[in-house]
Structures are given as C-alpha cells and as structure tokens.
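Summary of structural features
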Amino acid sequence: HSIEKGLYKWSAPSNIALVKYWGKKDHQIPANPSISFTLNNCKTLTSLAFEKKEGNDNFSFDLLFEGKPKEDFKPKIQKFFERIEQYLPFLKEYHFTINTENTFPHSSGIASSASGMAALAVNLMSLEKELNSEMTEEYFFQKASFLARLGSGSACRSVKGNVVIWGNHNDIDGSSDLFGVEFPNKIHENFKNYQDTILLVDKGEKQVSSTVGHDLMHHHPYAERRFKQAHENLSKIKAILESGNLQEFIKIVESEALTLHAMMLTSMPYYILMKPNTLEIINRIWKFRNETNIPVCFTLDAGANVHVLYPENVREEVLELIKNELVGFCQNSQYICDEIGFGAKKL
Ligand code: PMV
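Residues numbered from 1 in each chain as written. Predicted model: local features only at pLDDT ≥ 70, side-chain atom pairs only at ≥ 80, totals over all residues.

1. So, the overall build of the protein chain
Let me state the cut-off plainly: Each helix is a run of DSSP H or I of at least 4 residues and each strand a run of E of at least 2, with the numbering of both proceeding from the N terminus. The atom set for the radius of gyration is the C-alpha atoms, and the globule formula is 2.2 Å times the number of residues raised to the power 0.38. Exposure in this text rests on C-beta crowding, where 20 or more other C-beta atoms within 10 Å of a residue's own make it buried, 12 or fewer make it exposed, and counts in between make it partly exposed. The C-beta atoms are placed from the backbone. Working definition of a contact: two residues with C-beta atoms, positioned from the backbone, lying within 7 Å.
Assigned secondary structure in the protein chain consists of eight helices and 14 strands. For 347 residues, the compact-globule formula gives about 20 Å, and the C-alpha radius of gyration of the protein chain, at 20 Å, lands near that figure. Summarising its shape, the C-alpha atoms of the protein chain cover approximately 65 × 45 × 40 Å along the three principal directions. Counting the 347 residues in the protein chain, one finds 43% classified as buried. Pairs at least 24 residues apart make up 75% of the contacts formed inside the protein chain by residues separated by at least 6 positions.

2. Description of the UniProt feature "domain: Mvd1 C-terminal" (unreviewed entry) in the protein chain
Stated formally: UniProt positions are given in the numbering used here, feature names are shortened, and annotations may be inferred rather than shown by experiment.
UniProt feature "domain: Mvd1 C-terminal" (unreviewed entry): in the numbering of this structure it lies at residues 198-327. Helix makes up 57% of residues 198-327 and strand makes up 8%, while its end C-alpha atoms are separated by 11 Å.

3. Things to note about the site of the ligand
The condition that has to hold: Placing the C-beta atom from the backbone, one calls a residue near a molecule or strand if that atom lies within 6 Å of it. Following the grouping adopted for this structure description, the nonpolar residues are Ala, Val, Leu, Ile, Met, Phe, Trp, Tyr, Cys and Pro, the charged ones are Asp, Glu, Lys and Arg, and the polar ones are all others, Gly among them.
Around the ligand, the surrounding shell holds 15 residues, and the nearest of these are Ala17, Tyr21, Gly153, Ser154 and Ala302. Taken together, the residues that form the shell around the ligand break down as six nonpolar, seven polar and two charged.

4. Here we look at the packing of helix α2 (residues 113-131) against helix α3 (residues 137-151)
Convention followed: In this analysis, axes come from line fits to C-alpha atoms, helices being fitted only over the stretch in contact, and the angle between any two N-to-C directions falls in the range 0 to 180 degrees. Should an angle lie under 35 degrees it is considered roughly parallel, over 145 roughly antiparallel, and from 65 to 115 roughly perpendicular; all remaining angles are considered oblique. Left-handed describes a crossing whose near helix is turned anticlockwise from the far helix by less than a right angle; the clockwise case is right-handed.
Relative orientation of the contacting elements α2 and α3 amounts to 135°, with a least axis distance of 8 Å. Our classification of the angle between α2 and α3 gives oblique. Relative to α3, α2 is oriented so that their crossing is right-handed. When α2 is examined against α3, the residues Met117, Ala118, Leu120, Ala121, Val122, Leu124, Met125 and Lys129 are found in contact with a partner set consisting of Phe140, Lys143, Ala144, Leu147, Ala148 and Gly151. When grouped by side-chain class, the residues that make up the contact of α2 with α3 number eleven nonpolar, one polar and two charged.

See below:
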C-alpha cells in the first residue's frame, strides 16, 4: 500500500573491531572477515521524515546535523542512495529530511560513519516495512545491515549487538560478506559488560581517509598474508570468546591493532596515523599490565585514538590508571567511557 508521509527515529551505536576489516573488493565486499564489539554510549540518533513528492526522477533529501543544514555530507548520502536504490525501489518517490546528532563530541576523531549509516539504514527499513508489512524481524535487521554496508563497510556491524561478525568464514555458520551476523554461540561471562574507554589523542581530520587506506590494500606487498591471518585470528578469537581466556584475547586484539597500522606503514604511498601520544599510551598500558597482571589491553581504529578494553571487574583500577596517567596524553584531557552494547533501537 501507499503512505503519504511520516517520521521515524532510531539510534545506532558505533562499534570497535577486534579482528579488523582492512581492504575490500567491489561493492563493499570485505577482503577478510572481521568481528567487533558493538558499543553502548557512542551513538548516532537519526530521524527520517518523509513525504510523497511529485515525479520520481531524482533523489530528494535535506540533511540536518543537530537541526542545522549540513551540505557537506550530501554527496555521501547521494552516493548511498544510488547504491541502495535497487534494493529500496521507493526511494525516488519521497522527499526525505534526515536529521542527525551524535552522543559523542563531533570532531572527536571518532568515526560517525558506522553509527550514522547504520542509523539511516534502519530508518529506511522502517519505511520499507510499512510499505511491505510481511517482514520478519530477522529479515528487517539483516537487510538493514546489508544496506548499511553499502554506506560504510563497518556500519553493517552496528545494527545488532553485542558481538558481530561480518564476512564469510568457515568456522561461523551463517556468516556472510553481505551483512553482519550476531556471534552465534554463548559468550563467556568474562566479556559481560566489557569496557571500552576511548582516549581522544588527536581530534583532527586524519591525513589519509579509510577509503584511500582500503584501496591501498590492492597491490599491497603483504595483503594476501594479512587476509589469511585475519581468518586465522577470527577462528582463534571465536574460541576465546567462548572460553573466556583473557590472556589470549589480549594477544589477538593488540596484534590486530598493530597489524592494521603496519598495513598503513607498508602501503605505497606509506603513511602513519598514530601520534607520539598513541605510543606513550600503549607503552604505559603494557607497563601497568606487567606490574599488576590486570587484563587491560588496547586497540586502534584507523586513527590516533586508543580504545582501552578491559573486563568490568577491574574498572576501578583501570580508570585510576586513566585518570592519573593516561589522560595526560589525551587532547584536552578528553576520554569517553563506553562498554559493549546491543545495537540499533527504535526511539
Ligand atoms: O568502514 P570503513 O570503511 O570506515 O573502515 C573502517 C575500518 C576499521 O575501522 C579500521 C577497522 C574495522 O574493522 O572497523
């Protein structure tokens, strides 16, 4: 049936990869599988207002950020609509007003593309669902993840929680290159409410975008070996998430972070996204871990910020370390406390 106008609002969280996605094929197909913790506090809230319009030759939309017009994201959304139109044939029949805000400070160096694209995708699926009422919840979220992937690869891991796998992998039934799936087995108690404190080391625009970085994995001297390693690490981390072995968890997660950056260091052209304070923080986390045996570790995204990961039961000790020591290496002493969370929510 037909719907004249309406409004939806959803939130979608950011996510932090444990085994990293770095390198892709055409149509946003990942070169290797990845796995992430969905976050809880770092979210994008997006409302989608829609109204039937005259004619259906073009996409028509307004973009607002915190209620104010935001022109610079328009080409990104235009490209996203072009990519997903074949899966949502109603797109050109409506005028959309997309209003977005983030719970984390903008220009914090926290990528909002994952949470942003996931939030937009679930909103569009709400309209798709109203137009075709026969739809299971499973289909709804799977297709939302599929669409989010076409906006920004890692966004497909932000629709569901609390541990999501994206990319075909032999050990994981139902895994797919096309959308993220929830971790299929029971996750050990040790990972319940797992903490992620994000230390904001550098809030500036990064020198090389992720899009360019992914592209540099084509003809990269170590690409094939790296893709193989990601498969191996995914098998290992699957077993670790079930057994709760934190020592082994730390090894994989830190190695993955440094390998991601090693791929950047060995690209042609080569580049460095870590800052001196990134390395200071890493060294201090290692020192603290050696001295206390507290199972705290770090991971990195494609940037200088450090994600500090640790179990809930050592929260006080780690926050103490952060407040007394690590905060000195953060820009304007800024950090964000987050933890593992549950995916997109209708508001
Ligand atoms: O989703 P993109 O294209 O922004 O790529 C992000 C890749 C990393 O954040 C570096 C790793 C990952 O798996 O999230």
